[in-house]
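Remarks on the overall topology
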Amino acid sequence: MRKISTSGILSFALGALAAGAMAFGAAAAPPKGAPKALKVAFVDFFSGGAAVFGVSGKGTSEWVVAKWNKEGGIGGVPIDLVLVDEGGGPKKQVSELRRLVLDEKVDAVVGYTSSGNCLAIAPVAEELKVLTVVHVCGTHRLTEDNKLKYVFRTASNQAADSVSLARYVLSVKPDLKTIAGANEDYAWGRDSWEAFKIAIQRLKPDVKVVAELWTKFQAGEYSAEISRLLAARPDAIHSSFWGGGLITFIKQAGPRGLFDQSLVALSTGEQVLQNVGKSMPDGVIAAPRATAGFFALEGAPGHKAFVEAIYKHNKRYPDYPAYRTYQAWAGLKGAYEKAIADAGRWPTTEEVIKAFEGLSWETPSGTVAMRSDHQAVHGGLVGVTKFSKEHGFAILENIVHHKAEDINPPLGTKTLDWVRAIK
Amino acid sequence: MDTELLLIILVDGLVYASYLFMVSVGLTVICGVQKILNVTHGSLYAFGAYLCATILIVYAETGWPGAGAFVIMALTAIFLGIVFGIIIERGLLRFLYAEDEHIIVLATFAAFLILEDVLLLIWGTNPYIAAEPLALLGQTDIADLPFDNYNLSMILLSALVAAVLWYGLRRTTFGKMLLAVIFDRELAQSMGINVTRVFLLTFIVGSFLGALGGAYQAPAISVQPGIGVEVIVLAFAVVVIGGMGSIPGALIGSLVVGVARAAAVHLEPVLELFVIYMIMAIVLIVRPQGLFAPAKPRKI
């Protein structure tokens, strides 16, 4: 029988005491003035065509909040998660935000996938003085057309997607002569194509645009657009189609040979890989909107554990809405914790805002840095699709990681001015 | 403009027109007979697409002949048409026929919202993707461009549906009874026509056509939440252009919008979204009752 030494028992007991004290300290000693719970609303699409995004974000939020609450919440205060559907349009979201702040008395709001919605709620969030962390919405106008105090965006704007795609397209096809765009006719599609076109023509001035197509939001029929793209025979095609619209486009364009004829670059392509399975041809340029991918595990520390946890919880590998949702929650937590440390008590919203500005925090997809204009910047990857037998769908290969400074405008420079001057 | 481009515009236009006709014809049939703007039409389309995609995914695993997919589409639509037709007509609408038509629209809208949530409860939010029938039919080259035969087959299906409906209305006893009911509900009843039965059968046929549109489109799209809303908006536009309740109107309306949209995509893409509403606005200004609105008898 193995003999147990006294010193062994002693060190085990001390260790257990220390661990217990740490856990007790983290969970049971919230700072002075702390509320019983920090009430945070998560707003995303749980119905309609964008629900594929929202449900990924919702699952990630539920997982991360449960995990942190188990670990002691934020500064010892548990998070009370309120889930709100983003459907119904900007007007509904504005009144929903008023309800959340005035009736539900939430302390902060995380969310907003649609560019239309984030533009609509930003001035209202400022008026209501509620800390709002925008997680997915991509239009650069959010931070450039508004003077933001209470609203932060914890992810790069669409320029990062468009510029990283433009750089990648030219690296794959240095002799590029012609491009075409197929995008949805609203803020996201228009801004994405504009930035991509300017970036390509800035990097290679002799490139000509042979077709610019503007489709309905999440359309169910793309036959005519595909004919037009086939007839125009561009060297490369840019599309910011997303979710169901993108899946439908891939299903209808694939059999007609569009992906064989032209090099196609999809700014949100990574998000649908798990859905389209074998319908996604090899060799299509796809990006996870300037975040990481679950297939590129060499990312930041903790990435593998994050991928496994999200897969277990969401029954789906983390896609970019999952990464961006985590970025938002981790930013909010980091800001609160810094503010608590700075103030030595539970902070006011204004103190949290002060702590948020200039904050850098680690996420599974790398470091995210919040600037004073409330726009976060981070790097991201782009690759080309290759069917993976192991997964049963395509993942990305020939991955290029772009640094934050290569795909984001510097502080104080308007996005399109910066794109017009990129080198 | 060269003839090749004209031909491509025509084919693309016909493909889109057949899509529009298939998604709007069920709405038109019910609107014509029962004078109801049936918003649940969008739900039938969505249920047709979801159920068909689900069965097709399972069917593809069995390795049975691909042609069976088309039998599945037809059976799915028949099943849903009967089940939903009876539930919605007998369970909801029959209590409302005496009410103002605005109340009935609101009731069908409420039912539509409930059914949208039922879809979420059954199928969740992840997209369903069944691609096999699309690949099965291959491609045809027209003017040097490959077109999916599956898309082209929808033109034939639309023509078939239009022909059967025309024959059914003009050449069968039931069709004549239907026309009598359309002309004057009370007079038809006084002549011994069982209007209750006619209404139920019409609603089942309309629901079947809605579900058939969804089932046939399922292999070509991402079947996901929200597809019913997309369709109901398009279908309303086509029905307004063609004339409320007119089947030839739905056919011509679909053709006009389909070809105009294809022309916009090929010649002036920035107009693509605008073109359907532009046509609708022009029709509403010039002929507010729609291109082929059935004549209304003047009652004394």
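A brief look at the structure comes next.

Conventions we followed
- Residues numbered from 1 in each chain as written.
- Chains lettered and ligands numbered in written order.
- Predicted model: local features only at pLDDT ≥ 70, side-chain atom pairs only at ≥ 80, totals over all residues.
- Heavy atoms only, no water.
- Disulfide = S-S within 2.5 Å.
- Helix = DSSP H or I, 4+ residues; strand = E, 2+ residues; numbered from the N terminus.
- Buried < 20%, exposed > 50% of the residue type's maximum accessible area, 1.4 Å probe, protein only.
- Salt bridge = Lys/Arg side-chain N within 4 Å of Asp/Glu carboxyl O.
- Core = buried A, V, L, I, M, F, W, Y, C linked by side-chain atoms within 4.5 Å.
- Domains from an automatic or database assignment.
- Contact = heavy atoms within 4.5 Å.

Quick look at the state of the cysteines
Residues and elements named next belong to chain A. Evaluation of the coordinates by the stated rule reveals 1 disulfide over all chains. The side chain of cysteine 118 participates in a disulfide bridge whose partner is cysteine 137; the two sulfur atoms lie 2.0 Å from each other. Residue cysteine 118 is located in helix H4 (residues 115-128), and its partner cysteine 137 is located in the loop between strand E4 (131-134) and helix H5 (141-144); the two are separated by 19 residues in the primary sequence. There is no split in this pair, since cysteine 118 and cysteine 137 are both buried.

Here's the deal with the pattern of salt bridges
All names here are of chain A. The tally for this structure, following the rule as stated, stands at 23 salt bridges over all chains. The closest approach of N and O atoms between aspartate 161 and arginine 289, which form a salt bridge, is 2.9 Å. With a gap of 128 residues between them, aspartate 161 in helix H6 (residues 158-172) and arginine 289 in the loop between strand E10 (285-286) and helix H12 (303-314) connect regions that are remote in the sequence. We classify aspartate 161 as buried; its relative accessible area is 1%. Arginine 289 sits in the buried class, given a relative accessible area of 3%. For aspartate 373, the salt bridge is made with arginine 371, and the minimal N-O distance between the two is 2.9 Å. A relative accessible area of 14% places arginine 371 in the buried class. Three or more residues joined by partner-sharing salt bridges are found here, namely Lys39, Lys92, Glu96, Arg99 and Glu104.

Notes on the nonpolar core
Ranked by internal contacts, the top residues of the largest apolar core, which has 87 residues, are Trp329(A) and Leu332(A). Both domains that furnish three or more residues to this core are identified here as domain 1 (38-156 + 298-377) and domain 2 (159-289 + 379-420) of chain A. Contacts of Trp329(A), omitting those with residues within four sequence positions, involve Val40(A), Phe42(A), Ser61(A), Val64(A), Val65(A), Trp68(A), Ile79(A), Leu81(A) and Val110(A). Core analysis: the second largest hydrophobic core is formed by 75 residues, Leu119(B), Ala162(B), Ile247(B) and Val283(B) among them.

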